[in-house]
Amino acid sequence: MCGIAGIWRLPPIDGLEASLRQMTGALVHRGPDDAGMWVDSTVGLALGHRRLSIVELSAAGHQPMHSSCGRYVLVFNGEIYNHLELRARLGEAGREWRGYSDTETLLACIQSWGVKRALELAVGMFALALWDRQSQVLSLARDRLGEKPLYWGWQGDMLLFGSELKALRAHPDFRAPVDRGSLALYLRHGYVPTPWSIYQGVLKLPQGQFIEIPLGRGVSAAKAAAPQPFWNFNETVAQGCAQPFTGDDTAAIDAVESRLSDTIGQQMLADVPVGAFFSGGIDSTTVVSLMQKLSPRPVRTFTIGFSGSEYDEAAHAQAIAGHLGTDHMPLVVRPEDALDVIPLLPRMYCEPLSADSQIPLYLISKLARRHVTVALSGDGGDELFGGYNRYLGARRVWLRLQSMPGSVRHACAALLRSVSPAGWDRLFTLAKPVLPERFRLAIPGTKAQKLADVLELDTEMDYFRRLTSHWQDPGSIVLGGGEHPTLMTTPALQPQADCFEHWMMAMDAQTFLPDEVMAKVDRAAMATSLETRAPLLDHRVVELAWRMPLRMKIRDGQGKWLLRQVLYRHVPRELVERPKKGFGIPIDDWLRGPLRAWADSLLAEDRLRADGYFDPALIRARWLQHMRGSHNWQYQLWPILMFQAWLADQEGGA
C-alpha cells in the first residue's frame, strides 16, 4: 500500500520537484517506509511515490520504477495478487528480474502486452500512473471494485493527480472552490459519488477504468482524453444473470469455498505480518475461518467493542476466535476514546464522509497496526451475497405497498408521521419484552419515518433512492446546489438484472461500496499506515457471486445464505447466528450530550450564513428538534457536521 502523486505542466517550468515534494509529503501516512520522485523537466512531468513496504522490502521495490527496456516509468499503489502467476506466464527465458516485487511484474506485463491487456490480466487492488516515454502518453488506472482511490483534475493547463485530495491541495498553485453540486450529492448519500469530488474540476477516476492522456500532443488533446473501461461491472451482472450457476446447493457451496480459499491464500502472502479485522459477523468470520484453515500458525485477529454498550462485539468474537484458535486481540473502548477521534476526522478524510463507523474503523486499524502491517477484511459480502436489510423481502414489500390504493397509502404515511421518531423508539422499547424477535427493530423511529416516505413513492428506482438518501431534497438546502447526474439518476448507465433485489445489489456495489465503504476503510487504515485487503472483492469472486441465483443468496428471509453455508463448515451455527450489529456508535445520543457544544458551534446560524453553503434556518430548526429529543435527525445532521468540520480544517480553523 502506498501513495502516488503527479504533475504535468506545459510549458515546463522550474520548481516541479519542489511542488511534487510537497504533494508526496501530504501522503507520508500512506507510505512511511520510503519516498521517490522522477522528474522530466523537458516535458513538464513529475511522478512521486510514498512507499509502505509489503512485498519485496529491499531497494528493488523502490518507486518510481523504470521498465527494463527504459520505455516506461511507473508509480503504483496497491497489490497484484497473481503477480507470480503473471511472471510464469511471461516466461523466464532471457529475462533478468531485479527483485520479486509486483510492481516490476506489472511493468513487464505492460512492456509485453500493453496497458489494457496487462490490466485485464492483473488480479488485485491498485491505482497507478504510467508514463510512456516513447509515445508520450500518461496512463492513469484504478482497480475494478474501487478499493484504491485516484483523484485527477486540471488547474488551468496544469494536470494534477494523486491518491488523496490532500496531495492535490498541497500543490502551491492549487485553486479549486467547493463544488456545490457535489455538496448536494454528499448530503443525499453521505459521500460524494464517483466521478465527482468535493472540488470543482477534480474528479475520481471510476473503478475498473483507465485513461490515456496524450501529453505529447499538447494541452487541448490531453484535456479531451476520457476514461475507458478495462472491466465492466454491468457486463458481469448481465452475464451472470444470463448464464447462472446450474449446480445444486452443495456444488455452489463447494465453488464459493474453493474460490475464496484460493483468493485468501493469495492475499495472505506478504513479507510483513498479516492479520484480520474480526467482528464475529458472517463476512469477517468466513474470511478468518479460511485464513486459519490455510495458516500453520494462529492468525492474528482484531475486534473492537464499546464497554457497556449494545454495540459491543468483543465477547461474541472472542468465543468464535477461541473455537478457531486465532491469536485474538480485542479492544474494548470507552465512549471518550471514540469521542477523541472525532477531531481527527476532517484531516483523516480528504473530502467529507459521514459514515459514523469511520470512528471504530480508525480505532481498530490503530490496534491492528501495533501488531501487523496488513489486515484482511470481510468488506463486500453484503453487496455480493444479499446482506443488507433492504434486499430482504424488498420486492414483496414493494409490491404489497403498491397494491394498496393511493388514498390508503397516504393515510398510513400520515399515521406514521403523527408519532415522532423518538416516540416510536420509546414505544418499541416498552414493547420489546413481548415482541417477537423479528419485530425488535434497531432505530424503529427512523425506520417508521422511512416507511412513511416509501408509502408515497411510485417506482422501484424512487424506492431505492429514498432508502439510500440522508436528505431527500438536498438541492433545497445547499445554496446554488443542483445535483450532478450520477448512476442513480441515469437509467441508461444502470445494470440490467433479473430481479429488483439483484438490481439493488448491483447498484450498491457500484456506488455505496467504493465511495463509502472502501473510501472509509482506505482512509481509516492508511491514517495508521495499515494496508487492508478485501478477499470478497477479488473480481473472480465477484464474477462467481453474480452467477449464483438469488435463492442461493437470500433464502427463508435471511441474506448471505451461501456464505453462511461455507462458514458452517468451520464454525458451529449457534456461534455465528445472531442479530447483526456492525460498527455502530450512538451518535444521536452523543449529539445531545458530549458532542453538543461542538455541534452547536458548527451549526450556529451566523456561522452557516457566513460560510454561505447551506440554508441556515432549516438546519438550525432540525438541530433544535434533535436537541429537544422530539426527532432523531442524526442521519441528516451528521453529514452537515462532517462537512462543517472539514471546511474549518481546510480554512485553518477549529
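Scroll up to find the structure this text is about.
Let me begin by describing the structure that accompanies this report. In this numbering scheme, every chain counts its residues from 1 along its sequence in written order. For a predicted model such as this one, the threshold for reporting local features is a pLDDT of at least 70, and the threshold for listing and counting side-chain atom pairs is 80 or more; totals across whole chains, interfaces and linings nevertheless cover every residue. For the side-chain quantities, the full set of heavy atoms in the structure was used; hydrogens and water were omitted.

When two helices pack together, you describe them by how their axes are tilted relative to each other and by the distance separating the axes. As a rule, the C-alpha atoms of each element are fitted with a line to give its axis, helices using only the stretch in contact, and angles between N-to-C directions run from 0 to 180 degrees. What counts as a helix is a DSSP run of H or I of at least four residues, what counts as a strand is a run of E of at least two, and both are numbered from the N terminus. For the pair helix α10 (residues 282-294) and helix α24 (residues 561-568), interaxial distance at closest approach is 9 Å and the crossing angle is 40°. Relative to α24, the element α10 is oriented oblique. Our pair here, α10 against α24, has a crossing hand that is left-handed. Contact residues: α10 offers I282, D283, T285, T286 and S289, while α24 offers L563, R564, V566 and L567. Note that Gly is not counted as nonpolar here; it falls among the polar residues with everything else outside the nonpolar set of Ala, Val, Leu, Ile, Met, Phe, Trp, Tyr, Cys and Pro and the charged set of Asp, Glu, Lys and Arg. Residue composition of the contact of α10 with α24, by class: four nonpolar, three polar and two charged. Orientation labels follow simple angle bins: below 35 degrees gives roughly parallel, above 145 gives roughly antiparallel, 65 to 115 gives roughly perpendicular, and whatever is left gives oblique. Each helix crossing is assigned a hand: it is left-handed if the near helix lies turned anticlockwise from the far helix by less than a right angle, otherwise right-handed if that turn is clockwise. Contacts between residues were defined by any pair of non-hydrogen atoms, one from each residue, lying within 4.5 Å.

Moving on: empty space enclosed by the protein. Space left empty within the atom packing is revealed by a probe, the size of a water molecule, rolled over the atoms. Lining residues are defined by having an atom within 4 Å of a point belonging to a cavity or pocket. Those points lie on a 1 Å grid over the protein atoms alone, cavities being sets where a 1.4 Å probe fits but cannot get out and pockets being open sets with protein on both sides within 12 Å along at least five of seven lines. Grid points are joined across faces, edges and corners, and a volume is the space filled by probe spheres set on the points. Summed over the entire model, instances satisfying the criterion amount to six cavities of 30 Å³ or more. Size it by volume and the largest cavity reaches roughly 170 Å³. For the lining of the largest cavity, the element with the highest residue contribution is helix α22 (residues 512-526), accounting for five residues. Of the residues in the lining of the largest cavity, the class split is eleven nonpolar, one polar and seven charged. When its volume is computed, the second largest cavity comes out at roughly 120 Å³.

As a further point, take the sheet that holds strand β8 (residues 151-155). Strand pairing follows a simple DSSP-based rule, namely that at least 2 bridges must link the two strands. Reading across from one edge, β2-β3-β1-β9-β8-β10 is the order of the six strands in this open sheet, with antiparallel pairing throughout. On the outer flanks of this sheet lie β2 (34-40) and β10 (202-204), each paired with one strand and no other. Taken over all neighbouring pairs, the strand axes of this sheet differ in orientation by 10° on average, direction set aside. Two elements, strand β1 (residues 2-9) and strand β9 (residues 158-162), share five bridges in a ladder whose sense is antiparallel. Bridged to W8 within β9 is L159. Seen against the sheet, helix α1 (residues 16-25) touches β1, β2, β3 (45-51) and β9 and runs at an angle of roughly 150° to β1.

Disulfides are defined as pairs of cysteine sulfur atoms found within 2.5 Å of each other. Within the structure shown, the criterion is met by zero disulfides. For the unlinked cysteine C109, the closest cysteine sulfur is that of C69, found at 13 Å.

Moving on: the layout of surface pockets. The space that makes up the second largest pocket amounts to roughly 660 Å³. P206, Q209, L487, L493 and Q510 are, among the 27 residues lining the second largest pocket, the residues nearest its centre. Looking at the lining of the second largest pocket, the elements with two or more residues in it are β10, α8 (233-242) and α21 (500-510). A breakdown of the residues in the lining of the second largest pocket according to their chemical character gives 14 nonpolar, ten polar and three charged.

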